[in-house]
Amino acid sequence: MLQSLAGSSCVRLVEQHRSAWCFALLVLGYLLYLVFGAVVFSSVELPYEDLLRQELSKLKQRFLEEHACLSEQQLEQFLMRVLEASNYGVSVLSNASGNWNWDFTSSLFFASTVLSTTGYGHTVPLSDGGKAFCIIYSVIGIPFTLLFLTAVVQRIIVYVTRRPVLYFHIHWGFSKQVVAIIHAMVLGFITVSCFFLIPAAIFSVLEDNWNFLESFYFCFISLSTIGLGDYVPGEGYNQKFRELYKIGITCYLLMGLIAMLVVLETFCELHELKKFRKLFYVKKDKEEDQVHIMEHDQLSFSSISDQAASMKDDQKANEPFVNSQSPTSNDSSLNN
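Everything quoted here is computed from the prediction, not taken from an experiment.

Conventions and cut-offs
Residues numbered from 1 in each chain as written. Predicted model: local features only at pLDDT ≥ 70, side-chain atom pairs only at ≥ 80, totals over all residues. Heavy atoms only, no water. Patch = residues over 30% accessible without salt bridge, like charges linked within 9 Å, V, L, I, M, F, W, Y side chains within 5 Å. Areas by Shrake-Rupley, 256 points an atom, 1.4 Å probe, with all protein chains shown as cover. Salt bridge = Lys/Arg side-chain N within 4 Å of Asp/Glu carboxyl O. Helix = DSSP H or I, 4+ residues; strand = E, 2+ residues; numbered from the N terminus. Buried < 20%, exposed > 50% of the residue type's maximum accessible area, 1.4 Å probe, protein only. Contact = heavy atoms within 4.5 Å. Axes fitted to C-alpha atoms, helices over the stretch in contact; angles between N-to-C directions. Parallel < 35°, antiparallel > 145°, perpendicular 65-115°, else oblique. Left-handed = near helix turned anticlockwise from the far one by under 90°. 1 Å grid on protein atoms, 1.4 Å probe; cavity = no way out; pocket = protein on both sides within 12 Å on 5 of 7 lines; lining within 4 Å. Points joined across faces, edges and corners; volume = space filled by probe spheres on them. Nonpolar A, V, L, I, M, F, W, Y, C, P; charged D, E, K, R; others polar. Phe/Tyr/Trp six-rings, centres within 6.5 Å; stacked < 30°, edge-to-face > 60°. pLDDT = per-residue confidence, 0-100.

1. A closer look at a nonpolar patch on the surface
Part 1: Judged by side-chain polarity, Val-192, Leu-197, Ile-198, Ile-202, Val-205, Leu-206 and Phe-212 come together as a nonpolar surface patch covering roughly 610 Å² of accessible area.
Part 2: Looking at the nonpolar patch, the element that brings in the most residues is helix H6 (residues 176-206), giving six residues.
Part 3: With respect to the helices and strands, Phe-212 occurs in helix H7 (residues 212-223).
Part 4: On the basis of relative accessible area, Phe-212 is assigned to the partly exposed category, the value being 41%.

2. Some thoughts on the pattern of salt bridges
When the charged atoms of two side chains with opposite charge come close together, those side chains can pair.
Part 1: Per the stated rule, a full pass over the model turns up four salt bridges.
Part 2: Note that Glu-72 is salt-bridged to Lys-60, the shortest N-O span being 3.1 Å. A residue pair is termed long-range when its members are at least 10 positions apart, and Glu-72 in helix H3 (residues 72-87) and Lys-60 in helix H2 (residues 18-66) qualify at 12 residues.
Part 3: We classify Lys-60 as partly exposed; its relative accessible area is 23%.
Part 4: A salt bridge links Glu-269 to Arg-162; its shortest N-O distance comes to 2.6 Å.

3. Here we look at the side chain of Lys-246
Part 1: Along the chain, Lys-246 falls in helix H8 (residues 242-268).
Part 2: On the basis of relative accessible area, Lys-246 is assigned to the buried category, the value being 1%.
Part 3: Lys-246 has contacts with Thr-105, Ser-106, Phe-109, Val-232, Pro-233, Gly-234 and Glu-235, leaving out every residue within four places of it along the chain.

4. With respect to the packing of H7 against H8
Axes are the key here: two packed helices are described by the angle between their axes and the distance separating the axes.
Part 1: Running from N to C, H7 and H8 point in directions that differ by 70°, and their axes come no closer than 9 Å. By the angle class used here, H7 and H8 are roughly perpendicular. For H7 against H8, the interelement crossing comes out right-handed. Between H7 and H8, the residues in contact are Cys-219, Ser-222 and Leu-223 and Tyr-252, Leu-253, Gly-256, Leu-257 and Met-260, respectively.

5. Observations regarding empty space enclosed by the protein
Part 1: Considering all chains together, one arrives at one cavity of 30 Å³ or more under this definition.
Part 2: The space that makes up the largest cavity amounts to roughly 40 Å³.
Part 3: Every residue lining the largest cavity is listed: Asn-101, Ser-106, Phe-109, Phe-110, His-122, Thr-123, Glu-235 and Lys-246.
Part 4: Counting residues per element, the lining of the largest cavity draws most heavily on helix H4 (residues 104-115), which supplies three residues.
Part 5: The residue makeup of the lining of the largest cavity, split by class, is two nonpolar, four polar and two charged.

6. Side note on the packing of aromatic side chains
Part 1: Going through the model one piece at a time under the given rule, you end up with 16 aromatic pairs.
Part 2: Here Phe-203 and Trp-210 contribute two aromatic rings whose centre-to-centre distance is 6.1 Å and whose plane-to-plane angle is 55°, an arrangement assigned as tilted. Each member of the pair Phe-203 and Trp-210 is classed as buried.
Part 3: Chaining the aromatic ring pairs together yields one cluster made of Phe-109, Tyr-120, Phe-203, Trp-210, Tyr-217, Phe-218, Tyr-231 and Tyr-252.

7. Focus on unusual backbone geometry
Part 1: Within the chain, Thr-117 stands out as a residue other than glycine whose phi angle is a positive 60°.
Part 2: Following the sequence through the fold, Thr-117 ends up in the loop between H4 and helix H5 (128-171).
Part 3: You will see that Thr-225, though not glycine, has its phi angle at about 60°, which is positive.
Part 4: Position of Thr-225 among the secondary structure elements: in the loop between H7 and H8.

8. Side note on the environment of Pro-233
Part 1: Its location among the elements puts Pro-233 in the loop between H7 and H8.
Part 2: In contact with Pro-233, other than residues within four places in its own chain, are Phe-203, Glu-207, Trp-210, Phe-218, Tyr-245, Lys-246 and Ile-249.

9. A closer look at the confidence of the model for the chain
Part 1: Confidence in the prediction for the chain averages 79 pLDDT; 76% of positions are at 70 or higher.
Part 2: For residues 296-305, every residue scores under 50 in pLDDT, and the model assigns this stretch zero contacts once sequence neighbours within four places are set aside.

Laid out in structure tokens, this is it:
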């Protein structure tokens, strides 16, 4: 009996603080996921880094042996300057001297990556004025971009998600939840095909040193706004129609970001996901809910009374004009 009472009390305690327990499990799961990613990346990439370090060390020693007139300090100073310029998108190689990083199309591409928070990092402002303008431009532009994307997605999702789901639910009699799940899966497949698979195939053809996996990797890193900057299109030697290519990539990134947000919003509207998210949210107090309900009722009653009064005024205004008689005249007519 004591065990049953203890078990019921434990169950009651868990039910009362269910949201807190779920949130604690969420935090623990996220931390474990971070550690898991760190372990995998370290185990996969560390051997390649070690091999690259050994290779560069051998090349450096061989270069110094072949050029005895050059000291190791001079070579390191030159390499440091080259690497510093490379971090700003300026290459010392002769085959890359024809590509400018700050012409109009490249600047347009840079502005789009800044406002979308992708930020590849292959091109950054060099001057103090450019850095200061980038701060001001981002402070204003990023919220402006969020407002723009939110408005566009809100309009698109009405025609792409809500109306099709309601159409199949009303005219075909299917369950709304089932139709929403199938629609979300179909929309996700179309988005992956149109903005990941097909562009990856195109990039693998247009970019000389990219295979399909690297092209797909660029599409995912870009549209997820991660923007590592290790792969940037249009930076190759003698790129044909480079200006038009850069403008096309800018349009692709903007349209792809909108498509990704539409898909995410579609999945977030699924009933199952809404229930799952509520597990980790703080529940509102009943008193607050009652206050909100009372305020809503008061607003609704006042609005109904105002509407009724306005309707009466409209009816009076629309009634035909009739000569009103005074009560005395009516009485006199009745007496007669």
